[in-house]
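The lines below spell out each chain.
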Amino acid sequence: MINLLSGKLRDATKACWRRLTELKYSCRIRPMRMYQRGRPVDNGFEPTHLLYYRCEAKSVDGDRLLPPKIGCVNISCNWSKYSKAKDVIFDHPRHGIVQWLVEHIPKGQLQNVGVGKRAKSHKFDFQPTHCPDPKNYSHSEIWTYKDGVRREDGPSDEMKKTLRTILSDRGVMIRKPSA
């Protein structure tokens, strides 16, 4: 009788522990490093800094972030200079984390438009930009520039495919999302 009761208690304890573990990010106190607290914008990105990107289970195949699932307009991420990787999923404990090196964000991507004498070439650059949020100082976005001018609406459709493929190929899955 005691062994049976002990087994049921152990199973109940395991179930409670699983529930608590799933909630650990949403129930805990936000670390002070995440708050802006009057700190200014800082765009001093170094090539070796990391960018952390949050992803859902449906956006992943094995250890690869699926290209069509990557957003292309002001891609939201966290900057390693002011954050830990887990901060990007603070309020989203079931999401996964992909990291990119800043130097892996594409620059100087050319797109040819038109034919013959009307052919024109456009240069696309993608640049991380610090966009702090009061509760997430490390929040950054990857902005699109066409011929040196920022595009609020992101890249062209052809360039979206290129950007997504490059980010998918260069991304490193450091935490898989749970279903």
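Residues numbered from 1 in each chain as written. Predicted model: local features only at pLDDT ≥ 70, side-chain atom pairs only at ≥ 80, totals over all residues. Heavy atoms only, no water.

Caption draft 1: Geometry of the overall build of the protein. When its secondary structure is counted, the protein shows two helices and ten strands. Secondary structure elements in the protein, listed N-terminal to C-terminal, are α-β-β-β-β-β-β-β-β-β-α-β. Expressed as a percentage of the 179 residues in the protein, the buried residues total 39%. Here the contacts in the protein between residues at least 6 apart in sequence split such that 73% fall between residues at least 24 apart. A total accessible area of about 10900 Å² is found for the protein, and carbon and sulfur atoms account for 54% of it. (Helix = DSSP H or I, 4+ residues; strand = E, 2+ residues; numbered from the N terminus. Buried < 20%, exposed > 50% of the residue type's maximum accessible area, 1.4 Å probe, protein only. Contact = heavy atoms within 4.5 Å. Areas by Shrake-Rupley, 256 points an atom, 1.4 Å probe, with all protein chains shown as cover.)

Caption draft 2: Layout of unusual backbone geometry. Of note, the phi angle at asparagine 74 is positive, near 50°, even though the residue is not glycine. Take asparagine 74: it is sitting in the loop between strand E3 (64-65) and strand E4 (75-79). One non-glycine residue, aspartate 147, adopts positive backbone phi at about 50°.

Caption draft 3: Summary view of the side chain of serine 83. You can see serine 83 is positioned in the loop between E4 and strand E5 (96-101). Residue serine 83 is classed as buried on the basis of its relative accessible area of 8%. For serine 83, the contacting residues outside a window of four places in its chain are Tyr52, Asn78 and Ser138.

Caption draft 4: Just the environment of tyrosine 137, in detail. Mapped onto the fold, tyrosine 137 is located in the loop between strand E7 (120-130) and strand E8 (139-146). Sequence spacing of tyrosine 137 and arginine 33 is 104 residues, and the spatial spacing of their C-alpha atoms is 7.6 Å. Dropping the residues within four chain positions of it, tyrosine 137 is found in contact with Arg33, Met34, Tyr35, Gln36, Arg39, Pro40, Asp42, Tyr82, His130 and Pro132.

Caption draft 5: Spotlight on the pattern of salt bridges. Inspection of the entire model under this criterion finds nine salt bridges. Taking the shortest distance from any N to any O, the salt bridge between lysine 176 and aspartate 63 comes out at 3.2 Å. One end of the pair, lysine 176, is in the segment after strand E10 (172-175); the other, aspartate 63, is in the loop between strand E2 (60-61) and E3, with 113 residues separating them in the sequence. The class for aspartate 63 is exposed, based on a relative accessible area of 52%. (Salt bridge = Lys/Arg side-chain N within 4 Å of Asp/Glu carboxyl O.)

Caption draft 6: Geometry of the packing of aromatic side chains. Applying the stated rule across the entire model yields four aromatic pairs. Ring centres 3.8 Å apart and planes at 20° place the aromatic pair phenylalanine 45 and tryptophan 79 in the stacked group. In this pair, phenylalanine 45 sits in the loop between helix H1 (2-27) and strand E1 (50-55) while tryptophan 79 sits in strand E4, placing the two residues 34 residues apart along the sequence. Residue tryptophan 79 is classed as buried on the basis of its relative accessible area of 0%. Look at tryptophan 79 and tyrosine 82: their rings are 5.4 Å apart centre to centre, the planes differ by 85°, and that puts the pair in the edge-to-face class. For the residue pair tryptophan 79 and tyrosine 82, the accessibility class agrees, reading buried in each case. Its guanidinium or amino end placed over the ring of tryptophan 143, arginine 150 lies 3.4 Å from that ring's centre, counting from NZ or CZ. (Phe/Tyr/Trp six-rings, centres within 6.5 Å; stacked < 30°, edge-to-face > 60°. Lys NZ or Arg CZ within 6 Å of the ring centre and 35° of its normal.)

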